[in-house]
Amino acid sequence: MKVNAQAPPKINGNLVNLTKLPESVKNDDNVLSPPPRTFINQLPDWSMLLAAITTVFLAAEKQWTMLDWKPRRPDILYDPFGLGRIVQDGLVFRQNFSIRSYEIGADRTASIETLMNHLQETALNHVRTAGLFADGFGSTPEMSKRNLIWVVTKMQILVDRYPSWGDTVQVDTWVSGSGKNGMRRDWHVQDLKTGEIITKASSVWVMMNKHTRRLSKMPEEVRGEIEPHFIDCSPAVAEDGRKLPKLDDDTADFIRSGLTPRWHDLDVNQHVNNVKYIGWVFESAPQPILESRELSAITLEYRRECGKDSVLQSLTTLARDGATAPDNLLDGSSQMECQHLLRLEGGTEILRARTEWRPKNANGGEARVAGEISAGSA
């Protein structure tokens, strides 16, 4: 038999240590037969593989270019990391949230704490996307130079409906001026599927020196940073001018003592995150309210910050006419209102609040009953 020879083959540009490569074999009748199966002649066509790899890299480069953080238009700033975008002439920040299983409560809907976390997240992402984020918790560069931070003094939230697990909500937020030294931030929360606005919120913020913990006037340099982002419009929630009463041991119907923050309740400014106060407010709310009603509105007036070593008391009283006994207001058949106070054990006020409650809808009631049956069976 005769064997044909050829030049040493190359793989990826490197010579293979073979001097002869069988191509075909002639038998005694001079008929060509297929070459023997070897490792070399079973390798893929490297030129085709290289072309495929090149195509993949070109597609990836094109995708990355499309996700470039630089704005294509001045009125729409896109965030390639999914943190939201600025719309409406660069004055409104918009971000979507999918309601996770760990964000829902016993009623199978998102909790008020979940909604407040969404509000806080969009506020910070708005500052960052607008290019005003420095090293503080939402502080601008000029604020950081002066050791200033934002603190919320009042917040009002109206909840028409709570989203459920798997729902997607769209949160819009914007800022306006509030007096000489304050800023107002508003939010709309919309059900992305139906287009229905399910929550509205308004808040007022002022500046504090993070070292002295004293309130500060707004420096002109800071005003120059944030005023171009202000919108001249009415609050998302109309101002509730009713005074929040100060509760004490005699006027409160329910008191819960011994409340202490954990390390993870603190924010980067080393004071308790404002969302944590909601849980403490509900600590003194009577259980029948939580079981038979859902929160429809809440007003919070922050009086003082508290830190990791604070020990608090939560006080709640039921709004009623005359001398109606509290037990007669807890049947769950009508709307009701409560006043609340958080204070240090020494008496210093931390927060005053007002909550409004409505009877739970049929789905909420069914979920609650199902939970009670399950718990009883266990």
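All values reported here derive from a predicted model rather than from experimental measurement.

Here we come to the overall build of the chain. Broken down by element type, the chain carries seven helices and 17 strands. The buried share of the chain, taken over its 378 residues, is 43%. For the chain, the share of sequence-separated contacts (at least 6 apart) that also reach a separation of at least 24 residues comes to 67%. In the structure as shown, the chain presents an accessible area of about 21,600 Å², 53% of it carried by carbon and sulfur atoms.

Summarising the element assignment, Glu-301 is placed in strand E14 (residues 293-302). Within the structure, Glu-301 has its side chain in polar contact with the side chain of Arg-303 (distance 3.2 Å). Not counting residues within four places of it along the chain, the set of residues in contact with Glu-301 comprises Thr-153, Lys-154, Leu-244, Ile-350, Leu-351 and Arg-352.

Time to look at the packing of aromatic side chains. Scanning the model with the defined rule gives three aromatic pairs in all. Pairing Tyr-277 with Trp-280 gives two aromatic rings, centres 5.9 Å apart and planes at 90°, and the pair type is edge-to-face. Of the two residues, Tyr-277 and Trp-280 both sit in helix H5 (residues 276-283), three residues apart, roughly one turn of that helix. For the pair formed by Tyr-277 and Trp-280, the shared burial category is buried. Summarising the aromatic geometry, the rings of Phe-282 and Trp-357 are spaced 5.6 Å apart at their centres and angled 55° between planes, so their arrangement reads as tilted. In this pair, Phe-282 is assigned in helix H5 and Trp-357 in strand E17 (residues 349-359), connecting sequence segments 75 residues apart. Residues Phe-282 and Trp-357 agree in their burial class; the two are buried. Feature note: the residues Tyr-277, Trp-280 and Tyr-302 constitute an aromatic cluster, connected by ring pairs.

The predicted structure's coordinates, where accompanied by low pLDDT, should not be read in detail. With 72% of its residues at a pLDDT of 70 or more, the chain shows a mean pLDDT of 81. No element of the chain has a lower mean pLDDT than helix H7 (residues 362-377), which averages 37, and none a higher one than strand E10 (residues 182-191), which averages 97. Note that pLDDT drops below 50 for residues 18-25; the model gives that stretch 21 contacts with residues more than four away or on any other chain. pLDDT under 50 marks residues 362-378. Its contacts with residues more than four places away, or in other chains, come to seven contacts.

Okay, the environment of Thr-251 next. Relative to the assigned elements, Thr-251 resides in the loop between helix H4 (220-226) and strand E13 (254-259). Judged by relative accessible area, Thr-251 falls into the partly exposed class, the value being 39%. Sequence spacing of Thr-251 and Thr-316 is 65 residues, and the spatial spacing of their C-alpha atoms is 8.9 Å. What Thr-251 contacts, discounting residues up to four positions off in sequence, is Lys-246 and Thr-317.

Before going further, it helps to spend a moment on the pairing of strand E15 (residues 312-318). Within E15, seven of the seven residues are buried, which leaves it mostly tucked inside the rest of the structure. The side-chain alternation of E15 yields two buried faces, one formed by Leu-312, Ser-314, Thr-316 and Leu-318 and the other by Gln-313, Leu-315 and Thr-317. Here E13 runs beside E15; their pairing, made up of four bridges, is antiparallel. The partner of Arg-256 across the bridge, within E15, is Ser-314. Pairing between E15 and strand E16 (residues 336-344): seven bridges, direction antiparallel. Counted as the bridge partner of Leu-318 is Cys-338 from E16.

Rules used in this analysis
Residues numbered from 1 in each chain as written. Predicted model: local features only at pLDDT ≥ 70, side-chain atom pairs only at ≥ 80, totals over all residues. Heavy atoms only, no water. Helix = DSSP H or I, 4+ residues; strand = E, 2+ residues; numbered from the N terminus. Buried < 20%, exposed > 50% of the residue type's maximum accessible area, 1.4 Å probe, protein only. Contact = heavy atoms within 4.5 Å. Areas by Shrake-Rupley, 256 points an atom, 1.4 Å probe, with all protein chains shown as cover. Polar contact = N/O pair within 3.5 Å; in protein donor to acceptor, adjacent residues only side chain to side chain. Phe/Tyr/Trp six-rings, centres within 6.5 Å; stacked < 30°, edge-to-face > 60°. pLDDT = per-residue confidence, 0-100. Pairing = 2+ DSSP bridges.

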